[in-house]
Each structure stands twice: as structure tokens, then as C-alpha cells.
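# Examining the three-dimensional arrangement
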Amino acid sequence: MHALDKWLRNNSISRKTFSTKLNISIATLSRYLSGNRIPKQEIMQRIIYLTDGKINPSNFYIIKNNNSSSSFKNYKNDHLLGIENLKEDEISSLLNRADEIIKENRLEPKVNQKYNGKTLVNLFFEDSTRTKTSFELAAKRLGIDVINMQIETSSIRKGESLLDTAMTLNAMQPDILVIRHSLSGTPHLLANKVNCGVINAGDGQHEHPTQALLDALAIRRRKKQIKGLKIAICGDIAHSRVARSNIKLLITMGAKVNLIAPSTLMAEGLSYYGANTFSNFKEGLNDVDIVMILRLQRERMQGSYIPSAKEYFKFYGLDREKLSFAKSDALVMHPGPINRGVEIDSELADDINRTLILEQVELGVAIRMSVIEHLIHNLEFKK
Ligand code: NCD
């Protein structure tokens, strides 16, 4: 929190009252407090006078390379619960900021003082390596403290204990709560109970918005724009939250989406969003720019959906032969973790000229930094 904000709080003075005393708008005061603008000399002197010298020029700094608050204006939510209901300009705002962050990061991997004192809690009720680490790294790059809650999945009793957890966390006053849970809708439930920003890091088979955003960023950086592209999502669509978030995002951004899966792993209702469904790889990959491969999510399968992994690979595993049905410059993506020889050929998975798998991981940090910045900005703005 900015020293002046703290002083105002300790003295029970609102930003509005203080800005009136300075004869400036509340928006201008907010710009000083978020490091986007330095007060002019005469205003600075008035601040020193009004705060008895407690607040002085050393408390004001411009955050280098920081984008003006205007780039945040299109995303107005306090949470990121899903891609459903997001509009094109909201998605673009999250992607644009991530692009800037990538530039800044590569040049200067230093923490950003602006977010010092903020806290992010990682609350993962399901296993995760890359997503949890990615959120942790994103927060740390922004100078935010991270708490990784240790959760024994077996000890969680749904419903009641979830709300108990929410109330306990709320009492710790975090700024951002990142949640992954096997039950769809859990982040939405918690968002109604806590005062902080909530980010859905995957809820059951429902949504995984930051994955879809990082995938979109990867596509946009390689193919310049998403609009007009033809993108195939292949594999275990039925159990995939990644597929659901991606379908919504890609169609909102103007891409054509083909879903390719055996009938047992195709989800009903997704054509509602405008996706075309195929059970044949050759037909589904025709003229495609991007091939997105999904993992067989065995942990979510009750019963047998495929004859065997070997059989699955023969018909639905991506290898060079099947990839040749797509455009000659088509790129392959996978959210990870990959099962080599099940949904993707091992040698193809390692071909960095054709696959974006590692790039997706790197871009994940930038996207999560962008999302965190947007939510904190919105929460601050409302104070
Ligand atoms: C995905 C997930 O957990 O939904 N992975 C991820 O976030 N990197 C996809 C998967 O587990 O297959």
C-alpha cells in the first residue's frame, strides 16, 4: 500500500476528501498512488503541509515501464472466474498487458515495488505443478508475498468445510486468492464470500481461464492475430476444462474451432458455442493453423472410455503423419502435462519448430502477472 494511502487510512480521511483538499480530481490522486504520475511541485508542497511532513517526495515514484492505468480500463471485474461472459476487449486488455510484461521481464527481471505488501494465496485442492508454480512466480515477480496453503485433499469435506476455509482465508485479508478445485463452480462460490480478487486456476471440468489466455497469447504472438484462424482442439474434450475455456475464448476472438475426439470423449453442447465437431482426424485437421492436443484425463474418467492407450494413439494420437493433414506451417500446442506416446508422439513433442509447449509455460507467467495486475488495479480503484 502507498505510504499516503496508509496515512489517509490511519487518519480516517478518504481519498475523496483529500483530493478535494488538494484541489485535484480523485482520479489524479489515484494516479499518484499507483505510481503512474508524480505530483507537481505545488501539490507536493500541499501534501507535505497537510500530512505534517509525514508524506514527502521520497514516497512518490514512477514505476518504470509501467503502463498507464488506461490499459486496464477494459477489464472491470474484481475476479477472473472464467472466459464465459468475457468480451473481446476484456480479453485483449489481458493479452496486451502480458505482451508488455514479456518485454519488461526479458529486459529487467526485477520485482516491482508497486505491489509490495500485497498477498496472494494459492489454494490448490488438486495436484498441479506448472499452474501453481506459475502463479507463485508471477506474484513474486510483482513483489507480492505468496502463501501456498497445504491442503490434504482427503481431509476436505465438501460444502461446509469449503466455506470454513473461505472465511479463515478472508480473515487473513489476502489481496488475491487463486483456487483450483475438482468441483465446478467452487471459485464462484468463494468469490461471493471473500473480499479479495479470486482467480479460477481450474474448477473440475468447467473452466481454466488463465490457460486459455496463455494459449491465446502464444497463438497471437506466432500468428499475429487470432481472428480468422482455424484451430483444432483434439483429444479428451469431455473431461477438459482447458477445452471449454479455449473454445469460448477463441470463438469470441473470431477464430474457427474444430473439435476432434472419439464419440466417447466428445462433450455434448459445445457446438452451442459455434464449434464444429469431428471424429475423424483427417477431416478435422483440414486447413488448420493450430493443433491443440489435450491429455487423456484418466483421473476424471469413471469407467472405460477408450479400448487401450495404444489403440487411442493409433487413431487420436498426434504424429507427423496426422499433422500433415493440417496446413504446412501449422503449430502444435499442449497445456501439459504431456503423456508421450498416448496423445502425442514423443519426437514431435520435442520439435521446437513445430510445437509451442515450452513457450506456453513461459507465457503463463506473463499472463498471470497481467491478470493479477488487472484485479489489483480494479480492487484499488474501488477503495
Ligand atoms: C491442465 C489442467 O490441469 O486442467 N493442465 C494445466 O493446467 N497445465 C490440463 C491437464 O491437466 O491435462
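Let me begin by describing the structure that accompanies this report. These numbers come from a predicted model, not from an experiment.

### A look at the overall build of the protein chain
When its secondary structure is counted, the protein chain shows 15 helices and 9 strands. Rg of the C-alpha trace for the protein chain: 23 Å, near the compact-globule value of 21 Å for 383 residues, within the 12% margin. Across the 383 residues that make up the protein chain, the buried fraction comes to 55%.

### Some thoughts on the sheet that holds strand S2 (residues 145–148)
Consider a sheet: its strands pair through backbone hydrogen bonds, and that pairing is either parallel or antiparallel. Read across the open sheet, the 4 strands follow the order S2-S1-S3-S4; overall the sheet is parallel. Two strands bound the open sheet, and with one partner strand each, they are S2 and strand S4 (197–203). The sheet shows a mean angle of 15 degrees between the axes of neighbouring strands, taken without regard to direction. In this structure, strand S1 (residues 119–124) lies alongside S2, joined through 4 bridges in parallel fashion. Within S2, the residue paired with Val121 across the bridge is Ile147.

### So, the nonpolar core
The biggest cluster of nonpolar side chains holds 86 residues, and the ones touching the most others in it are Leu213, Leu250, Leu285 and Ile372. A per-element tally of this core places helix H15 (residues 357–382) first, with 10 residues. With sequence-adjacent residues up to four places away left out, Leu213 is seen in contact with Leu80, Ile83, Ile91, Leu94, Leu95, Leu249, Ile367 and Val371. The next biggest cluster of nonpolar side chains, apart from the first, holds 15 residues, and it includes Val121, Leu169, Ile179 and Ala191.

### Looking at the environment of Met44
Summarising the element assignment, Met44 is placed in helix H4 (residues 41–50). Here the alpha-carbon distance between Met44 and Gln150, two residues 106 residues apart in the chain, equals 46 Å. Setting aside residues no more than four positions away along its own chain, Met44 makes contact with Pro39, Ile55, Asn56, Pro57 and Phe60.

### Remarks on the site of the ligand
The environment of the ligand is made up of Arg130, Thr131, Arg180, His208, Gln211, Arg241, Val242, Arg295, Gln297, Pro335, Gly336 and Pro337. Note that an oxygen atom of the ligand is positioned 2.7 Å from one of the side-chain N or O atoms of Arg241. A distance of 3.0 Å separates an oxygen atom of the ligand from a polar atom in the side chain of Gln297. The fraction of the free accessible surface of the ligand (310 Å²) that becomes covered by protein chains is 95%.

### Let's talk about the pairing of strand S5 (residues 230–234)
Most of S5 is tucked away, with 5 of its 5 residues classed as buried. Side chains Lys230, Ala232 and Cys234 of S5 all project onto a buried face; the interleaved residues Ile231 and Ile233 project onto the opposite face, where all are buried too. Pairing geometry for S5 and strand S6 (residues 256–260), over 5 bridges, is parallel. Bridge assignment links Lys230 to a residue of S6, and that residue is Lys256. The parallel pair S5 and S6 is bridged by helix H10 (residues 241–252), and the resulting crossover is right-handed. Bridge count for S5 against strand S8 (residues 290–293) is 4 bridges, and the pairing is parallel. Bridge pairing links Ile231 to Ile290 in S8.

### Some thoughts on the pattern of salt bridges
Tallied over the entire structure, the rule returns 17 salt bridges. The partner of Asp350 in a salt bridge is Arg340, and the shortest N-O contact between them spans 3.0 Å. Separated by 10 residues along the polypeptide, Asp350 in the loop between helix H14 (346–349) and H15 and Arg340 in the loop between strand S9 (331–333) and H14 bring together distant segments of the chain. Residue classification places Asp350 among the partly exposed residues on the basis of a relative accessible area of 49%. By relative accessible area, Arg340 is classed as partly exposed at 44%. Ionic contacts of the salt-bridge type, sharing partners, join the residues Glu84, Glu207 and Lys248 into one network.

### Some points on the side chain of Lys248
By secondary structure assignment, the location of Lys248 is in helix H10. A polar atom in the side chain of Lys248 sits 3.2 Å from the side chain of Glu84. Apart from residues no more than four positions distant in its own chain, Lys248 is found in contact with Ile83, Glu84, Glu207 and Tyr273.

### Comments concerning the sheet that holds S8
Spatially, 5 strands are ordered S7-S6-S5-S8-S9 in an open sheet, and the strand pairing comes out parallel. Edge positions in the open sheet fall to strand S7 (276–278) and S9, since each of these has one partner strand only. The mean angle between the axes of side-by-side strands here comes to 20 degrees, regardless of whether they run parallel or antiparallel. By the bridge criterion, 3 bridges tie S8 to S9 in an arrangement that is parallel. Bridging across to S9, Val291 finds its partner in Val332.

Thresholds applied
- Residues numbered from 1 in each chain as written.
- Predicted model: local features only at pLDDT ≥ 70, side-chain atom pairs only at ≥ 80, totals over all residues.
- Heavy atoms only, no water.
- Helix = DSSP H or I, 4+ residues; strand = E, 2+ residues; numbered from the N terminus.
- Rg over C-alpha atoms; globule rule 2.2 N^0.38 Å.
- Buried < 20%, exposed > 50% of the residue type's maximum accessible area, 1.4 Å probe, protein only.
- Pairing = 2+ DSSP bridges.
- Axes fitted to C-alpha atoms, helices over the stretch in contact; angles between N-to-C directions.
- Core = buried A, V, L, I, M, F, W, Y, C linked by side-chain atoms within 4.5 Å.
- Contact = heavy atoms within 4.5 Å.
- Near = heavy atom within 4 Å.
- Polar contact = N/O pair within 3.5 Å; in protein donor to acceptor, adjacent residues only side chain to side chain.
- Areas by Shrake-Rupley, 256 points an atom, 1.4 Å probe, with all protein chains shown as cover.
- Right-handed = clockwise from strand over helix to strand, strands pointing away.
- Salt bridge = Lys/Arg side-chain N within 4 Å of Asp/Glu carboxyl O.

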